[in-house]
Amino acid sequence: LNGLLKACGTATQNLYIELPTTMEGACSGTPFTVPGRRYSHIHAETQVLPSLFYNTNLRSLEIDGLVVPGCVPWTSALLAHLRAPALEKLSVTLLVLDSASISSFDWTTLDSVLSQPSFKGTTLHLNINLALHTNNDPRTVREAVTGHLPGIAQRGKLSIHCFG
(Lines give C-alpha, C1' and ligand atoms only; values in the text may rest on other atoms or scores of the structure.)
Protein backbone atom coordinates (compact mmCIF):
# COMPACT_ATOMS: atom_id res chain seq x y z
CA LEU A 1 0.00 0.00 0.00
CA ASN A 2 2.81 2.42 0.82
CA GLY A 3 4.36 1.93 -2.60
CA LEU A 4 1.06 2.78 -4.26
CA LEU A 5 0.46 5.83 -2.06
CA LYS A 6 4.00 7.08 -2.77
CA ALA A 7 3.73 6.43 -6.52
CA CYS A 8 0.43 8.33 -6.72
CA GLY A 9 1.89 11.11 -4.59
CA THR A 10 0.66 14.61 -5.35
CA ALA A 11 -1.67 13.37 -8.12
CA THR A 12 -4.00 11.89 -5.48
CA GLN A 13 -6.86 14.24 -4.66
CA ASN A 14 -9.59 11.88 -3.42
CA LEU A 15 -8.73 8.76 -1.49
CA TYR A 16 -10.82 6.00 0.04
CA ILE A 17 -9.01 3.51 2.27
CA GLU A 18 -10.75 0.51 3.77
CA LEU A 19 -8.73 -0.83 6.67
CA PRO A 20 -8.74 -4.46 7.76
CA THR A 21 -11.97 -5.06 9.67
CA THR A 22 -10.15 -7.24 12.13
CA MET A 23 -6.56 -7.14 13.20
CA GLU A 24 -6.75 -9.98 15.73
CA GLY A 25 -3.93 -11.85 14.03
CA ALA A 26 -1.88 -8.69 13.82
CA CYS A 27 -2.06 -7.75 17.49
CA SER A 28 0.65 -9.73 19.19
CA GLY A 29 2.76 -7.22 21.06
CA THR A 30 5.83 -6.80 18.84
CA PRO A 31 6.77 -3.13 19.18
CA PHE A 32 7.57 -0.95 16.20
CA THR A 33 7.98 2.73 15.59
CA VAL A 34 6.36 5.18 13.23
CA PRO A 35 8.29 8.49 13.32
CA GLY A 36 7.21 10.26 16.48
CA ARG A 37 5.09 7.36 17.74
CA ARG A 38 5.66 3.95 19.31
CA TYR A 39 3.13 1.14 19.09
CA SER A 40 3.31 -2.17 20.88
CA HIS A 41 0.39 -4.16 19.54
CA ILE A 42 1.35 -5.00 15.98
CA HIS A 43 2.78 -8.28 14.76
CA ALA A 44 6.13 -8.17 12.97
CA GLU A 45 4.59 -8.96 9.56
CA THR A 46 2.55 -5.75 9.67
CA GLN A 47 5.26 -3.33 10.75
CA VAL A 48 4.99 -1.23 7.59
CA LEU A 49 1.94 0.93 8.09
CA PRO A 50 0.46 3.15 5.39
CA SER A 51 1.62 6.75 5.20
CA LEU A 52 0.07 9.75 3.44
CA PHE A 53 3.32 11.70 3.55
CA TYR A 54 3.55 12.06 -0.25
CA ASN A 55 -0.16 12.71 -0.85
CA THR A 56 -0.03 16.45 -0.23
CA ASN A 57 -2.82 17.42 -2.66
CA LEU A 58 -5.59 15.42 -1.02
CA ARG A 59 -8.94 17.19 -1.07
CA SER A 60 -10.95 14.37 0.50
CA LEU A 61 -9.90 11.36 2.52
CA GLU A 62 -12.20 8.60 3.69
CA ILE A 63 -11.02 5.94 6.13
CA ASP A 64 -13.41 3.02 6.56
CA GLY A 65 -13.43 -0.37 8.26
CA LEU A 66 -12.21 0.67 11.70
CA VAL A 67 -13.44 -1.40 14.65
CA VAL A 68 -13.19 0.09 18.16
CA PRO A 69 -11.89 -1.25 20.48
CA GLY A 70 -9.11 -2.88 18.62
CA CYS A 71 -5.81 -2.02 17.07
CA VAL A 72 -5.97 1.51 15.70
CA PRO A 73 -2.35 2.18 14.72
CA TRP A 74 -3.29 2.07 11.02
CA THR A 75 -5.36 5.21 11.37
CA SER A 76 -2.84 6.84 13.70
CA ALA A 77 -0.03 6.17 11.20
CA LEU A 78 -2.08 7.60 8.31
CA LEU A 79 -2.96 10.74 10.25
CA ALA A 80 0.48 11.28 11.77
CA HIS A 81 1.93 11.93 8.30
CA LEU A 82 -0.98 13.87 6.82
CA ARG A 83 0.36 16.96 5.02
CA ALA A 84 -2.50 18.05 2.77
CA PRO A 85 -3.40 21.72 3.33
CA ALA A 86 -6.11 21.56 0.63
CA LEU A 87 -7.95 18.78 2.50
CA GLU A 88 -11.58 19.80 2.67
CA LYS A 89 -13.10 16.67 4.15
CA LEU A 90 -11.86 13.80 6.28
CA SER A 91 -14.41 11.04 6.85
CA VAL A 92 -13.80 8.25 9.32
CA THR A 93 -16.24 5.37 9.70
CA LEU A 94 -16.03 3.39 12.92
CA LEU A 95 -17.83 0.36 14.27
CA VAL A 96 -18.06 0.91 18.03
CA LEU A 97 -18.55 -2.33 19.91
CA ASP A 98 -19.63 -0.55 23.10
CA SER A 99 -19.79 3.03 24.32
CA ALA A 100 -17.08 2.44 26.92
CA SER A 101 -14.53 1.61 24.19
CA ILE A 102 -14.68 5.09 22.61
CA SER A 103 -11.62 6.21 24.57
CA SER A 104 -9.46 3.43 23.05
CA PHE A 105 -9.29 5.27 19.71
CA ASP A 106 -6.35 7.66 19.20
CA TRP A 107 -8.42 10.85 19.34
CA THR A 108 -5.39 12.86 20.49
CA THR A 109 -3.54 12.35 17.20
CA LEU A 110 -6.65 13.14 15.19
CA ASP A 111 -7.34 16.34 17.13
CA SER A 112 -3.68 17.37 17.08
CA VAL A 113 -3.31 16.94 13.33
CA LEU A 114 -6.58 18.62 12.39
CA SER A 115 -6.00 21.48 14.85
CA GLN A 116 -2.94 22.61 12.89
CA PRO A 117 -3.45 25.92 11.03
CA SER A 118 -3.01 24.18 7.66
CA PHE A 119 -6.20 22.18 8.31
CA LYS A 120 -8.38 25.08 9.47
CA GLY A 121 -10.76 24.51 6.55
CA THR A 122 -10.98 20.74 6.98
CA THR A 123 -14.27 19.26 8.16
CA LEU A 124 -14.19 15.98 10.06
CA HIS A 125 -17.14 13.67 9.43
CA LEU A 126 -17.37 10.77 11.86
CA ASN A 127 -19.79 7.99 10.98
CA ILE A 128 -20.19 5.79 14.02
CA ASN A 129 -21.98 2.46 13.70
CA LEU A 130 -23.53 1.45 17.02
CA ALA A 131 -25.46 -1.52 15.60
CA LEU A 132 -23.91 -4.38 17.53
CA HIS A 133 -25.00 -3.32 21.00
CA THR A 134 -28.47 -2.02 21.69
CA ASN A 135 -27.23 -0.36 24.90
CA ASN A 136 -25.04 2.08 22.93
CA ASP A 137 -26.54 5.53 23.43
CA PRO A 138 -25.90 7.84 20.44
CA ARG A 139 -26.04 10.98 22.61
CA THR A 140 -23.47 9.57 25.05
CA VAL A 141 -21.19 8.54 22.19
CA ARG A 142 -21.46 11.98 20.53
CA GLU A 143 -20.65 13.74 23.81
CA ALA A 144 -17.68 11.46 24.51
CA VAL A 145 -16.23 11.91 21.02
CA THR A 146 -16.72 15.68 21.11
CA GLY A 147 -14.90 15.75 24.45
CA HIS A 148 -11.95 13.91 22.89
CA LEU A 149 -11.74 16.40 19.98
CA PRO A 150 -11.73 19.86 21.60
CA GLY A 151 -9.73 21.59 18.87
CA ILE A 152 -11.91 20.40 16.01
CA ALA A 153 -15.13 20.94 17.96
CA GLN A 154 -14.10 24.48 18.90
CA ARG A 155 -13.53 25.30 15.21
CA GLY A 156 -17.06 24.09 14.40
CA LYS A 157 -15.72 21.62 11.81
CA LEU A 158 -16.95 18.40 13.47
CA SER A 159 -19.87 16.33 12.22
CA ILE A 160 -20.84 13.16 14.09
CA HIS A 161 -23.41 10.77 12.70
CA CYS A 162 -24.36 7.78 14.86
CA PHE A 163 -26.35 5.03 13.21
CA GLY A 164 -27.29 1.41 13.67
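Just above sits the structure.
Here's a quick rundown of the structure. All residue numbers refer to position in the chain's written sequence, counted from 1. A pLDDT threshold of at least 70 governs which residues receive local features in this predicted model, and a stricter bar of 80 or more applies before side-chain atom pairs are shown or counted, although totals over entire chains, interfaces and linings include all residues. In computing side-chain properties, one takes all heavy atoms of the structure into account and sets aside hydrogens as well as water.

Turning to the overall build of the chain, a few remarks are in order. Each helix and strand counted, the chain has 5 helices and 7 strands in total. Going from N to C terminus, the chain has its helices and strands arranged as α-β-β-β-β-α-β-α-β-α-α-β. Three labels apply to residues, based on accessible area from a 1.4 Å probe with only protein chains included: buried if under 20% of the type maximum, exposed if over 50%, partly exposed otherwise in between. Classification of the 164 residues of the chain by burial places 44% in the buried group. Partitioning the intrachain contacts of the chain with sequence separation of at least 6 by distance along the chain shows that 78% fall at a separation of at least 24. We get accessible surface area from the Shrake-Rupley algorithm with a probe of 1.4 Å; when it comes to residues, only the shown protein chains can shield them. Entry remark: accessible area of the chain is about 8,100 Å², with carbon and sulfur atoms responsible for 53%. Under the DSSP-based scheme used, a helix requires at least four consecutive residues in state H or I and a strand at least two consecutive residues in state E, with every element numbered from the N terminus. Whether two residues are in contact is decided by their heavy atoms: any pair within 4.5 Å suffices.

It is worth spelling out the sheet that holds strand β1 (residues 14-18) at this point. Think of it this way: DSSP has to see at least two bridges between two strands before they count as a pair. Read from one edge of the open sheet, 5 strands run β1-β4-β5-β6-β7, paired in parallel fashion. Looking at strand neighbours, the two that pair on one side only are β1 and β7 (158-163), the edges of this open sheet. The mean angle between the axes of side-by-side strands here comes to 15°, regardless of whether they run parallel or antiparallel. As defined by bridge partners, strand β5 (residues 89-96) adjoins strand β6 (residues 123-129) across 7 bridges and the pair is classed as parallel. By the bridge assignment, Leu90 is partnered in β6 with Leu124. Lying over the sheet, helix α4 (residues 138-148) contacts β6 and β7, oriented at roughly 150° with respect to β7. To obtain each axis, a line is fitted to C-alpha atoms, and for helices this fit is confined to the stretch in contact; angles are then taken between N-to-C directions over 0 to 180 degrees.

Right, let's talk about helix α2 (residues 73-80) for a bit. The element α2 is largely enclosed, with a buried count of 7 among its 8 residues. Every buried residue belonging to α2 is among Pro73, Trp74, Thr75, Ser76, Ala77, Leu78 and Leu79, and all of these are buried.

Attention now goes to the environment of Asp111. Turning to its location among the elements, Asp111 is positioned in helix α3 (residues 107-114). Asp111 sits 39 residues away from Pro150 along the chain, and the two C-alpha atoms are 7.2 Å apart. With near-sequence residues (within four places) excluded, Asp111 lies in contact with His148, Leu149, Pro150, Gly151 and Ile152. For the purposes of these results, a polar contact is taken to be a pair of N or O atoms within 3.5 Å, where, inside protein, one atom must be able to donate a hydrogen and its partner to accept one; residues adjacent in sequence count only when each atom of the pair is a side-chain atom. A polar side-chain atom of Asp111 sits 3.0 Å from the main-chain amide nitrogen of Ile152.

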